[in-house]
Amino acid sequence: MRTYIIRARKGSTRWEKIRSQIGSSAHLEVIAHSVMNAFFVSNGFRDDIEVYIILDSSEDFPRTIKLSSGVSMAGFHETAVLDLIEKALKESQGLQKDETKKLALGLEISGFGFERLVGKLIETRPVYLLDPKGDDIRKTQIESDPVFILSDHLALPKNNVKSLKRRGLKTLSLGKKMLFASQCVVLVNDEIDRMEF
Ligand SMILES: C[S@@+](CC[C@H](N)C(=O)[O-])C[C@H]1O[C@@H](n2cnc3c(N)ncnc32)[C@H](O)[C@@H]1O
């Protein structure tokens, strides 16, 4: 399994706001493009991928949407991803903090955010933070079952990163140029494909 965590620091947990966040200061297009590139190849859909989308802008608590094998995505376009985010938020109204609800094959939503999700995953899996200043991906032996963390246009808070590093978080660089999160997903998929085939 290959897992991506994409944190939308200004991503709204209100479904009716999602579309208007494309091309706005919330830059939700970053999330849509990353999800598309995580799953799709020409004429195919990767079934060994999971993507967690964390929506941080909330009146109560963040939401984490998990997309995985079997998810029904209409195509390689932004609308297909937005439809899924909207569906998850709309169909989980009343979700309690820390509760997880399975909504459809490959689609679930949880009432927690980054710290809890990563805190849990790092107990059992290797977790890598994508960072231009990290260790070169081409000189690193990526362990099996990896989890990759990406931020959107806003960097992760420094104290989040510090405490995770104490728990084994590694950093991974794709070169010195600061790329879009979706471009990182393409490159990571490619590097791992090359290691596997
Ligand atoms: C557009 S960048 C975020 C820019 C943001 N202003 C910042 O300072 O972090 C989105 C994310 O992609 C990842 N990223 C971008 N370029 C990278 C690179 N060359 N190597 C590794 N990760 C990279 C990082 O996780 C970054 O947070």
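Since this is a predicted model, take the numbers as computed values, not measurements. (Residues numbered from 1 in each chain as written. Predicted model: local features only at pLDDT ≥ 70, side-chain atom pairs only at ≥ 80, totals over all residues.)

Draft legend 1. Main features of the sheet that holds strand S6 (residues 100-104). On the basis of which strands lie adjacent, the open sheet formed by 8 strands has the order S6-S7-S5-S4-S1-S9-S8-S10 and mixed pairing. Every other strand in the sheet has two partners, leaving S6 and strand S10 (170-173) as the edge strands with one partner each. This sheet shows a mean twist of 30° between the axes of neighbouring strands, independent of strand direction. One ladder, built from 4 bridges, connects S6 with strand S7 (residues 107-110); its direction is antiparallel. Note on S7: the bridge partner recorded for Thr100 is Ser110. Where helix H2 (residues 78-90) meets the sheet, it contacts strand S4 (49-57), strand S5 (63-67), S6 and S7, and its direction lies at approximately 125° from that of S5. (Pairing = 2+ DSSP bridges. Helix = DSSP H or I, 4+ residues; strand = E, 2+ residues; numbered from the N terminus. Axes fitted to C-alpha atoms, helices over the stretch in contact; angles between N-to-C directions. Contact = placed C-beta atoms within 7 Å.)

Draft legend 2. Structural view of the site of the ligand. Near the ligand lie 16 residues; those nearest to it are Leu130, Ser151, Ala155, Leu174 and Leu179. Going through the elements one at a time, strand S8 (127-136), strand S9 (147-151) and helix H5 (181-196) are the ones with two or more residues in the shell around the ligand. Within the shell around the ligand, the residues separate by chemical class into 10 nonpolar, 4 polar and 2 charged. (Near = placed C-beta within 6 Å. Nonpolar A, V, L, I, M, F, W, Y, C, P; charged D, E, K, R; others polar.)

Draft legend 3. Highlighting the packing of helix H1 (residues 29-39) against H5. Remark: H1 packs on H5, axes separated minimally by 8 Å, with the N-to-C direction vectors making an angle of 10°. What the angle tells us is that H1 and H5 run roughly parallel. The interaxial crossing formed by H1 with H5 has right-handed handedness. Between H1 and H5, the contacting residues are Val30, His33, Ser34, Asn37 and Ala38 on the first element and Ala181, Ser182, Val185 and Val186 on the second. (Parallel < 35°, antiparallel > 145°, perpendicular 65-115°, else oblique. Left-handed = near helix turned anticlockwise from the far one by under 90°.)

Draft legend 4. Expanded view of the environment of Ile122. Secondary-structure assignment places Ile122 in the loop between helix H3 (114-121) and S8. On the basis of neighbour counts, which here come to 15 C-beta atoms within 10 Å, the residue Ile122 falls in the partly exposed class. C-alpha of Ile122 to C-alpha of Pro146: the two residues are 24 residues apart in sequence and 9.9 Å apart in space. The contact partners of Ile122, leaving out residues within four places of it in the chain, are Val127, Leu164, Arg167, Gly168 and Leu169. (Buried ≥ 20, exposed ≤ 12 C-beta atoms within 10 Å, placed from the backbone.)

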